[in-house]
Amino acid sequence: MKVFLSFLLSLSWATFYAQSFSISGFVYDQQKQVLKGARVSIVGQRNGAISQADGSYKIVNVASGTNVLRCVYDGMQMDTFTIAQQQGDVVHHFYLKERTQNVDQVKVTVGKFDKPIEEQTVTMVVLKPELIENKNTRSIETALDQTPGLNILDGEPQIRGGSGFTFGVGSKVAVIVDDMPMLSGDAGRPEWGFIPVENISQVEVTKGAASVLSGSSALSGSIHIRTAYPKAKPMTKVQLYSGFYSNPSDPQMKWNQQYPGIHGLNFLHTRRIGNLDLVVGGNLNQDHGYIGPPKTDSLVATVFPDTITNFSEKDLVSRRARVNFNLRYRSAKIKGLSYGINGNFMKMHTAMPLAWLNDSSGLYRAYPGAIFLQDQFIFNVDPFIHYLTENKGKHYLRSRLLKVDNNMSANQSNKAMTFYGDYMYQKKLTDWKQIEMVAGVTSTYTKSEANIYAGSGSPNNNILNLSIYTQLESKWNERLNLSAGGRLEYFQLNDTITATKPIFRAGSTYQIHKGTYLRASYGQGFRFPTITERYIKTGVGNFGVFPNPSLKPESSWNAEIGIKQGIKLGKVMGYLDIAGFWQEYQNTIEYMFGIWHELTSVQSMGSSAGFMFLNTGNSRVTGLDVSYAGKAKTSKKGEITFLAGYNYIVPKTLSPNFVYATDSLNRVFTYQSTSMDPSKGILKYRFLHNFKFDAEHTWNKKYALGVSAKYFSKMVNMDAIIKDFEQITADNELLQDLKYMDYFNAHRFGNWIFDTRISFNFSEQHKLALIGSNIFNRTYSLRPLKIEAPRTIMLQYTYRFDGK
């Protein structure tokens, strides 16, 4: 009997192997360059492989019968190949095509999953590096400001009106570079100039609460910036630029005696050296600036001479030097293993103006005591290990050391060291319903040293954030996509103050018809106050900033329903996206002005009157988000690429009579009492209507003409104290007048801003471009007491060389 069973078992195994076969080949791009890390799998089976350093792959023990082979690679269009009944092994090579922005399915990486943009369960916009380069982007926020629904106000990102104005502190939008946060650990401020604009492969802007996978700062959305690794061919690129600020439209506003120039260069070199990937880049920049030094009135100067901000024109010139590198080694011994280290170092001198001199001839000058000089040294070092297996999932271990040292005038210096670590595991759980999982644990610890944060009782403060997260995504019947996830956040401030919060999200997309996708999503957000918001304590000139140790965390939730429709009209192809959204915020943190200590004399203004971060109650933002992006063929050699979007919001308070503070004069602080116009319940510092547009027409891949437009509607509401403080300075001859209301009342309309660019490619190596921003030299302001830049004209030369 045993012999008989052994015979049957041997026969069954022999039959299996006789009916199975292997599939092998290589994965290339359209230039026949090998692609390492592509996922090749059999549809409906767990069998698969990952292409190696030479682009090769091999799948063994493939069951006989009809099989569909699928190949997926980041940034490339997915390709499939059908294999009919087979008697022997199969050799098949894949030649993948690059994806085109918002046409033919954009391939993006968002929410930790590789999904085409039309299958995302949230609203998002993708910016490609061409737009960043063509606009001569010296700091990434100038390109981001072209994104529909996203505004950058004085360095502070705002998505769908989710925040007001806080001088960039405590960002409610997560800024993430290569899956690691890029916010200062003590203040939660984006370090825009530190981001390597010369080596960006893609920028993804996610709208709505995104804390589950993007971290606690993603209260109203997130900005994911991806840098690029080298391809098979070495590449060297050098970009030189030089330009200037135009004089203000009113000659009386001109203040500078020196040439208002802007000069700099970007450089980038990428190559593969065996199994080593190398990227080296950097930037040098000098910017004269358009805001001039303060000018004190003669009477005020005799009593209170400005010894703090009596800067010269030369002092205000900004200078920046940055160098970065990426090193990644792809192991030849252990299949799927890669490890390396990335680094970025920057030294910068810059001016930080807070308020203008006056609302007439002094628009382009700073108010005495309301401008600072900053000498910053910042660096990060990021070791990492990635291990990608064929059947047991993917392991990602990332870490970061971020050091920020700000040496500032008026005793405002501060230092912070941030340690970040993240382990993430990603796996396809089952081919049935194509369920994929991502799970991980994250830790962030910041040590801060600054006298201005002594509001805690000590200049030394620390904050710890621990979190675990997971998300599942599943695809049903090739039409329905479902996703759900959660995150548990834990915070500890100075070993005494703690907070724990679970948050969740869920979403779905359904392909109604070819090119038509309906989506719905719900997400929660949670943000713990930064060290700056709780403990800052300083006074300069007529202003102070005061601590609030009892400041509470703020939270939010966002629900939306949207539709993405592929449109092809003649030679125009693109995607129209329409979304309606509803966002609510609890314990909203805002920056409020008051008389927080007894005002005994004019000399004590800086230690009595000023700003404080306060929880102002609950609020709601509802609205409509519309975007249209794509391409249009104008001739055999002509093509237009475009991106347009309109955002309408209704930001309202839900607690207009909630008393959130009382100052030293016993004034009660509510929305009603602190608003300049509380009649409609509109939140402060929001634009109800916002329109963005960018288009570029290229001919024969040599000539290009581009135009950008931005529209900001008038600001409906702001702090009433601005008007009151202007009156205080006007009534006291020992205080320099701080004027704003005349300008405000004379500019109760929206602003249209236009940019243009034109370029010519002499060859594949040489390109020359002329770029103009604010081309009509409009004088405009987007937040109180701050004028925006006049027209700039820039000449840009790019040299690019691709090796063998």
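These figures come from a predicted structure and were not determined experimentally.

### A short note on the overall build of the protein
Argument step 1. When helices and strands are counted, the protein shows 10 helices and 47 strands.
Argument step 2. Its C-alpha atoms give the protein a radius of gyration of 28 Å, near enough to 28 Å, the size a compact globule of 804 residues would have.
Argument step 3. Within the protein, contacts between residues separated by at least 24 positions form 66% of all contacts whose residues are at least 6 apart in sequence.
Argument step 4. As displayed, the protein has an accessible area near 33,500 Å², and 58% of this comes from carbon and sulfur atoms.
Argument step 5. Side-chain charges in the protein split into 87 positive and 66 negative, and the spacing between the mean points of these groups amounts to 8 Å.

### Observations regarding the side chain of S474
Argument step 1. With respect to the secondary-structure elements, S474 resides in strand 27 (residues 460–476).
Argument step 2. Since its relative accessible area comes to 10%, S474 is described here as buried.
Argument step 3. Polar contacts involving the side chain of S474 include one to the side chain of W476, which spans 2.8 Å.

### Focus on a nonpolar patch on the surface
Argument step 1. A cluster of nonpolar residues, Y329, Y339, I385, L397, Y423, V441, I468 and L488, forms a patch on the protein surface that exposes about 670 Å² of accessible area.
Argument step 2. Tracing the backbone shows Y329 in strand 21 (residues 318–330).
Argument step 3. By relative accessible area, which is 33% here, Y329 ends up partly exposed.

### Brief notes about the pattern of salt bridges
Argument step 1. Evaluated as defined, the whole model comprises 32 salt bridges.
Argument step 2. Close ionic contact of R160 with E560 constitutes a salt bridge, the shortest N to O distance being 3.0 Å. With a gap of 400 residues between them, R160 in the loop between strand 13 (156–159) and strand 14 (173–177) and E560 in strand 33 (residues 554–569) connect regions that are remote in the sequence.
Argument step 3. In this structure R160 comes out as buried when scored by relative accessible area, which is 1%.

### Structural notes on unusual backbone geometry
Argument step 1. One non-glycine residue, R160, lies in the positive phi region at around 50°.
Argument step 2. A positive phi is found at N411, a non-glycine position, where the angle reads about 60°.
Argument step 3. Examined against the element boundaries, N411 turns out to sit in the loop between strand 24 (394–408) and strand 25 (414–430).
Argument step 4. Judged by relative accessible area, which is 69%, N411 ranks as exposed.

### What to know about the sheet that holds strand 3 (residues 48–50)
Argument step 1. Taken together, the 4 strands give an open sheet; going across it, the order is 3-2-5-6, and neighbouring strands pair in antiparallel fashion. A single partner strand is all that each edge strand has here, and the edge strands are strand 3 and strand 6 (79–83). For this sheet, the mean angle separating the axes of adjacent strands, direction not counted, is 15°.
Argument step 2. Two elements, strand 2 (residues 39–42) and strand 5 (residues 67–72), share 4 bridges in a ladder whose sense is antiparallel. Note on strand 5: the bridge partner recorded for V40 is C71.

### Brief notes about empty space enclosed by the protein
Argument step 1. Taken as a whole and assessed by the stated rule, the structure comprises 16 cavities of 30 Å³ or more.
Argument step 2. The space that makes up the second largest cavity amounts to roughly 630 Å³.
Argument step 3. When contributions to the lining of the second largest cavity are tallied by element, the ones reaching two or more residues are strand 14, helix 4 (211–214), strand 24, strand 25, strand 26 (435–449), strand 27 and strand 28 (480–493).

### Re the nonpolar core
Argument step 1. With 74 residues, the main nonpolar core has Y453, F543, Y740 and I787 as its most contacted residues.
Argument step 2. With 4 residues, strand 35 (residues 589–595) is the largest single contributor of residues to this core.
Argument step 3. Among the nonpolar cores identified, the runner-up in size contains 31 residues, and V175, F194, V197 and A629 belong to it.

### A word on the packing of aromatic side chains
Argument step 1. Following the criterion strictly, the structure yields 30 aromatic pairs and no others.
Argument step 2. Their ring planes at 25° and their centres at 6.0 Å tell us that F26 and Y28 sit as a pair that is stacked.
Argument step 3. The buried category is assigned to Y28, whose relative accessible area is 17%.
Argument step 4. On the basis of an interplanar angle of 70° and a centroid distance of 6.3 Å, the ring pair of Y290 and Y364 is categorised as edge-to-face. One end of the pair, Y290, is in the loop between strand 20 (276–287) and helix 5 (298–303); the other, Y364, is in the loop between strand 22 (337–353) and strand 23 (371–388), with 74 residues separating them in the sequence. For the pair Y290 and Y364, one class covers both residues: buried.
Argument step 5. Every member of this aromatic cluster is reached through a ring pair, and the members are Y591, F593, F611, F613 and F725.
Argument step 6. Looking at R160, its charged tip hangs above the ring of F581, at a distance of 4.2 Å from the centre.
Argument step 7. One Lys or Arg, R328, reaches over the ring of Y229 and ends 4.0 Å from the middle of that ring.

### Brief notes about the pairing of strand 5
Argument step 1. Here strand 5 lies mainly inside the structure; 5 of its 6 residues are buried.
Argument step 2. Across 5 bridges, the pairing between strand 5 and strand 6 is antiparallel. Paired with N67 across the two strands is I83, which belongs to strand 6.

### Structural notes on the sheet that holds strand 35
Argument step 1. One open sheet accounts for 4 strands, arranged 31-32-36-35; its pairing is mixed. Taken across any chain shown, the strands that pair with only one partner, and hence form the sheet edges, are strand 31 (538–540) and strand 35. On average, each strand axis in the sheet is inclined to that of its neighbour by 25°, with strand direction left out of account.
Argument step 2. Here strand 32 (residues 543–546) runs beside strand 36 (residues 609–615); their pairing, made up of 3 bridges, is parallel. The residue of strand 36 that forms the bridge with F546 is M612.

### Some words on the side chain of D694
Argument step 1. Position of D694 relative to the elements: it lies in strand 41 (residues 689–699).
Argument step 2. Engagement of the side chain of D694 in a polar contact is seen with the side chain of R757, the distance being 3.0 Å.
Argument step 3. Dropping the residues within four chain positions of it, D694 is found in contact with L131, K135, Q146, T641, F642, L643, V707, S708 and R757.

### Side note on helix 9 (residues 721–731)
Argument step 1. Turning to helix 9, its buried residues are I721, I722, F725, E726 and T729. End-on view of helix 9: buried residues confined to an arc of 140°, all on one side of the axis.

Reading the values: rules and limits
Residues numbered from 1 in each chain as written. Predicted model: local features only at pLDDT ≥ 70, side-chain atom pairs only at ≥ 80, totals over all residues. Heavy atoms only, no water. Helix = DSSP H or I, 4+ residues; strand = E, 2+ residues; numbered from the N terminus. Rg over C-alpha atoms; globule rule 2.2 N^0.38 Å. Contact = heavy atoms within 4.5 Å. Areas by Shrake-Rupley, 256 points an atom, 1.4 Å probe, with all protein chains shown as cover. Lys, Arg positive; Asp, Glu negative; His and termini not counted. Charge placed at Lys NZ, Arg CZ, Asp CG, Glu CD. Buried < 20%, exposed > 50% of the residue type's maximum accessible area, 1.4 Å probe, protein only. Polar contact = N/O pair within 3.5 Å; in protein donor to acceptor, adjacent residues only side chain to side chain. Patch = residues over 30% accessible without salt bridge, like charges linked within 9 Å, V, L, I, M, F, W, Y side chains within 5 Å. Salt bridge = Lys/Arg side-chain N within 4 Å of Asp/Glu carboxyl O. Pairing = 2+ DSSP bridges. Axes fitted to C-alpha atoms, helices over the stretch in contact; angles between N-to-C directions. 1 Å grid on protein atoms, 1.4 Å probe; cavity = no way out; pocket = protein on both sides within 12 Å on 5 of 7 lines; lining within 4 Å. Points joined across faces, edges and corners; volume = space filled by probe spheres on them. Core = buried A, V, L, I, M, F, W, Y, C linked by side-chain atoms within 4.5 Å. Phe/Tyr/Trp six-rings, centres within 6.5 Å; stacked < 30°, edge-to-face > 60°. Lys NZ or Arg CZ within 6 Å of the ring centre and 35° of its normal. Arc of directions from axis to C-beta.

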